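# Breakdown of the fold
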Amino acid sequence: MTSISPEIIFASNRKLIGIKATMSFIHFDVASLWKKFMPLRGSIKHPKNDELLSMTVYTPDHFINFHPANEFEKWAAVEVENFDQVPQGMETYTISEGRYAIFQYKGMSSDNRIFEYIYNEWLPESGYELDNLRPHFEVLGEKYKNNDPESEEEIWIPIR
């Protein structure tokens with residue numbers, strides 16, 4: 001994969017409302033999560049924007065003792081101004097402030113080579129290390145098109 005340089009930023013807290021499911025890389029079914037979330041999306045009050053967030057919450061030792069069967073939480077969510085009105089069946093999550101490497105990605109969401117590049121090439125050479133206490137997420141904005149090679153998204157990797 002071609003070398004991709006991320007933007008490094010310090011991000012403020014983000015408040016999310018969405019739904020989650022427990023899965024692993026062996027039993028990965030993010031499509032069912034999104035099929036459940038999308039009809040409910042309109043019930044979320046006070047969204048910050050039109051973007052969707054696909055968030056993954058790993059255990060602190062997920063990558064230290066990596067195995068494809070390790071479970072994690074996968075979220076389909078929207079960033080909101082506040083938690084005043086949480087629709088029934090949904091949950092809240094606050095992403096803590098911290099440093100992130102943001103990769104601009106164009107291609108199929110099913111193509112995992114970008115993540116192989118980030119974790120196996122960019123991160124070891126970057127001078128940063130993974131912040132295992134904060135979630136990873138993708139921002140799916142107006143240029144995101146599910147399963148389309150022209151799709152664009154931002155990949156946010158927590159670093160320190």
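Preceding this paragraph is the structure being described.
Report on the accompanying structure. All of these numbers come straight from a predicted model, not from anything done at the bench.

Note on placement: D131 falls in the loop between α2 (113-126) and β7 (136-140). Of the residues examined, D131 reaches a relative accessible area of 11% and is grouped as buried. Filtering out sequence-adjacent residues up to four positions away, D131 remains in contact with P158, I159 and R160.

Before going further, it helps to examine the environment of M108. Summarising the element assignment, M108 is placed in the loop between β6 (98-106) and α2. Here M108 is in contact with N147, D148 and P149, once residues within four sequence places are set aside.

Along the chain, the position of H136 falls in strand β7. Assessed through its relative accessible area of 4%, H136 is described here as buried. Separated by 2.8 Å, the side chains of H136 and Y119 make a polar contact.

With respect to the helices and strands, N49 occurs in the loop between α1 (30-37) and β3 (52-57). The spatial distance from the C-alpha of N49 to the C-alpha of E81 is 9.5 Å, given a sequence separation of 32 residues.

The strand order across the open sheet built from eight strands is β1-β6-β8-β7-β3-β4-β2-β5, with neighbouring strands paired in antiparallel fashion. If you trace the sheet from one side to the other, it starts and ends with β1 (7-11) and β5 (91-95), each paired once. Shown here is a sheet whose adjacent strand axes are inclined to one another by a mean of 30 degrees, direction ignored. Across five bridges, β3 lies against strand β4 (residues 72-79) in antiparallel orientation. Pairing of M55 across the sheet is with W75, part of β4. Lying over the sheet, α1 contacts β2 (14-23), β3, β4 and β7, oriented at roughly 35 degrees with respect to β4.

With that settled, consider α2. Its axis deflected by about 30 degrees at Y119, α2 carries its strongest bend there. Residues of α2 that are buried make contact with β1, β6, β7 and β8 (152-158). Positive phi shows up at G127, right after α2, with a value of about 90 degrees.

Cut-offs applied
Residues numbered from 1 in each chain as written. Predicted model: local features only at pLDDT ≥ 70, side-chain atom pairs only at ≥ 80, totals over all residues. Heavy atoms only, no water. Helix = DSSP H or I, 4+ residues; strand = E, 2+ residues; numbered from the N terminus. Buried < 20%, exposed > 50% of the residue type's maximum accessible area, 1.4 Å probe, protein only. Contact = heavy atoms within 4.5 Å. Polar contact = N/O pair within 3.5 Å; in protein donor to acceptor, adjacent residues only side chain to side chain. Pairing = 2+ DSSP bridges. Axes fitted to C-alpha atoms, helices over the stretch in contact; angles between N-to-C directions. Bend = angle between axes of the 7 residues up to and from the residue.

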